[in-house]
2 protein chains.
Amino acid sequence: MYQNLNPSTVLSPVPVVMISCRGKEGELARDNIITVAWAGTVCSEPPMVSISVRKSRLSHGMISESGEFVVNLVSEKLAEACDFCGVKSGRELDKFAKLGLTAEPMEGLSYAKGIAGAPVQLGCVVREVKELGSHDMFLAEIVSVRAKEKLFDSKGKLCLDRAKLVAYNHGEYFSLGRKLGFFGYSVASPEVRQKRMGGGKRGSAKKKKRK
Amino acid sequence: MYQNLNPSTVLSPVPVVMISCRGKEGELARDNIITVAWAGTVCSEPPMVSISVRKSRLSHGMISESGEFVVNLVSEKLAEACDFCGVKSGRELDKFAKLGLTAEPMEGLSYAKGIAGAPVQLGCVVREVKELGSHDMFLAEIVSVRAKEKLFDSKGKLCLDRAKLVAYNHGEYFSLGRKLGFFGYSVASPEVRQKRMGGGKRGSAKKKKRK
């Protein structure tokens, strides 16, 4: 029924995000992008994320120096650029220039800039760095957030499903597919389920199986 | 073009996983499940994950006491059970019993057990707990992994796209949709792209990622 594997990083799906960053001076005082999948939300109050980066990466030096980075969420349209930023080093080329991307100043940050065109950008200030082994984990507080205007509905609610974000699943990029439910749907009344799931084929019509 | 938001936890999509755990003695010496979306891979070598849990949760006490937990990946079939474990407390009911789930001993762990039926289970040993605010972050090493046999191809490669995993996107659960690419596809030759992307439909790729 089950087969054992060597201990490995198979948590999936995980986010895949483009981290934009910039050092303070000299060689590091230029904008770079690194793609990371070892990223996650780690706290709600204050809002915090962690990203893990190998010491050998150019971006590691930049983030360590400035104590800042921007998490740029990745839409399907940015998927290929995202992959490119995960395989090429900023030591070899200017990724912003190569990909025709623009760096935009981010509220609350002095060095790192966001990537214009990314659906959502999170400005982050590093609170702590932890050496874990192959990767160092940057624990950071989210100090500013901006999202494309088209992602808000008429009531001003952020509708992130409109962003067509990309998930990373064991070495492959996937679009998000069918909406299966919403937080709390397993205990919601049929009326609420119907309302929240709309006319969806599944979810709304599906019977509760496991109660 | 962009609209500012208050700093908040909008990193998306994120994993949504069922964490099974068990304390050592007394009231805590029973199997429980908590659903978390604040989870991520944080290191490749050693393989490590982090999960963040509020101090008030029953599972927080169990994991703190035993220093163990199991990360159970969530398939579409388990989505509703997963949601249920995110809204109900183990103080009120036995979630395994209520959901008809079975706890299975996990290699390398003495207390926490995996959830039978989850496509992949990661046995984790806590290395450090960090108090961040609303949540405590459990940094843990993955000491054992098992996956359903049907997820392996004839060459023994783990094909995680067969697991039909669930992603969490700003309060909603989604299936994974279309395969957009593979790590390195932006710089791959047309031949490799063709071979790896197959007919373009999900699950049609024959070969898995490199490395």
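The structure under discussion appears in the preceding block.
In this report, we go over the structure that sits alongside the text. This one's a predicted model, so the numbers in the text were calculated from it and none came from an experiment. (Residues numbered from 1 in each chain as written. Chains lettered and ligands numbered in written order. Predicted model: local features only at pLDDT ≥ 70, side-chain atom pairs only at ≥ 80, totals over all residues. Heavy atoms only, no water.)

Brief notes about the relation of the copies chain B and chain A
In the superposition of chain B on chain A (RMSD 0.0 Å, axial shift 0.0 Å), the rotation amounts to 180°. The transformation relating the two chain copies, once decomposed into turn and shift, fits a two-fold axis. For chain B, the residue whose C-alpha comes nearest the rotation axis is glycine 177 of chain B, separated from it by 1.9 Å. Both copies contact each other with a shared surface, as 92% of the interface residues of chain B are interface residues in chain A too. (Least-squares fit on C-alpha atoms with pLDDT ≥ 70 in both. Contact = heavy atoms within 4.5 Å.)

Some thoughts on a nonpolar patch on the surface
Together, Phe183 and Val187 of chain A together with Val87 of chain B make up an exposed nonpolar region whose accessible area comes to about 230 Å². The topology assignment puts phenylalanine 183 of chain A in the loop between strand E13 (172-182) and helix H4 (190-197). (Patch = residues over 30% accessible without salt bridge, like charges linked within 9 Å, V, L, I, M, F, W, Y side chains within 5 Å. Areas by Shrake-Rupley, 256 points an atom, 1.4 Å probe, with all protein chains shown as cover. Salt bridge = Lys/Arg side-chain N within 4 Å of Asp/Glu carboxyl O. Helix = DSSP H or I, 4+ residues; strand = E, 2+ residues; numbered from the N terminus.)

Regarding the pattern of salt bridges
Here the structure, examined in full by the defined rule, presents 22 salt bridges over all chains. For the salt bridge of lysine 130 of chain B with glutamate 128 of chain A, the shortest nitrogen-to-oxygen distance reads 2.8 Å. Of this pair, lysine 130 of chain B sits in strand E10 (residues 120-131) while glutamate 128 of chain A sits in strand E10 (residues 120-131), on two different chains. Judged by its relative accessible area of 14%, lysine 130 of chain B falls in the buried class. The closest approach of N and O atoms between lysine 113 of chain B and aspartate 31 of chain B, which form a salt bridge, is 3.9 Å. A residue pair is termed long-range when its members are at least 10 positions apart, and lysine 113 of chain B in strand E9 (residues 113-115) and aspartate 31 of chain B in strand E4 (residues 31-36) qualify at 82 residues. (Buried < 20%, exposed > 50% of the residue type's maximum accessible area, 1.4 Å probe, protein only.)

Things to note about the packing of aromatic side chains
Aromatic rings in a pair are described by how distant their centres are and how their planes are angled relative to each other. Tallied over the full model, the rule gives 6 aromatic pairs over all chains. A ring pair is formed by phenylalanine 182 of chain A and tyrosine 185 of chain A, whose centres lie 6.1 Å apart and whose planes are at 55°; its orientation type is tilted. As far as burial versus exposure is concerned, phenylalanine 182 of chain A and tyrosine 185 of chain A are alike and both buried. Relative to tyrosine 173 of chain B, the ring of tyrosine 168 of chain B has its centre 5.1 Å away and its plane inclined at 50°; by these criteria the two rings are tilted. Here tyrosine 168 of chain B matches tyrosine 173 of chain B in class, with each residue buried. By way of ring pairs, the aromatic residues Tyr168 and Tyr173 of chain A together with Phe182 and Tyr185 of chain B are connected into one cluster. One residue, arginine 196 of chain A, lies across the ring of phenylalanine 182 of chain A, its end atom 4.1 Å from the ring centre. (Phe/Tyr/Trp six-rings, centres within 6.5 Å; stacked < 30°, edge-to-face > 60°. Lys NZ or Arg CZ within 6 Å of the ring centre and 35° of its normal.)

A closer look at the side chain of glutamate 172 of chain B
Mapped onto the secondary structure, glutamate 172 of chain B falls in strand E13 (residues 172-182). Within polar-contact distance, the side chain of glutamate 172 of chain B engages the side chain of lysine 179 of chain A at 2.8 Å. When near neighbours in sequence (up to four residues on either side) are disregarded, glutamate 172 of chain B contacts Asp161, Lys179, Gly181 and Phe182 of chain A together with Ala167 of chain B. (Polar contact = N/O pair within 3.5 Å; in protein donor to acceptor, adjacent residues only side chain to side chain.)

A word on the sheet that holds strand E12 (residues 166-169) of chain B
The strand order across the open sheet formed by 6 strands is E2(A)-E12(A)-E13(A)-E13(B)-E12(B)-E2(B), and the pairing between neighbours is antiparallel. Whereas interior strands pair on both sides, the edge strands pair on one side only; in this sheet they are strand E2 (14-15) of chain A together with strand E2 (14-15) of chain B. By the bridge criterion, 4 bridges tie strand E12 (residues 166-169) of chain A to E13 of chain A in an arrangement that is antiparallel. Bridge pairing in E13 of chain A places tyrosine 168 of chain A opposite tyrosine 173 of chain A. (Pairing = 2+ DSSP bridges.)

Brief notes about a positive patch on the surface
Residue and element names in this part refer to chain A. Residues Lys155, Lys157, Arg162, Lys195 and Arg196 make up a contiguous surface patch of positive charge. Mapped onto the fold, arginine 196 is located in helix H4. Residue classification places arginine 196 among the partly exposed positions, given a relative accessible area of 41%. (Lys, Arg positive; Asp, Glu negative; His and termini not counted. Charge placed at Lys NZ, Arg CZ, Asp CG, Glu CD.)

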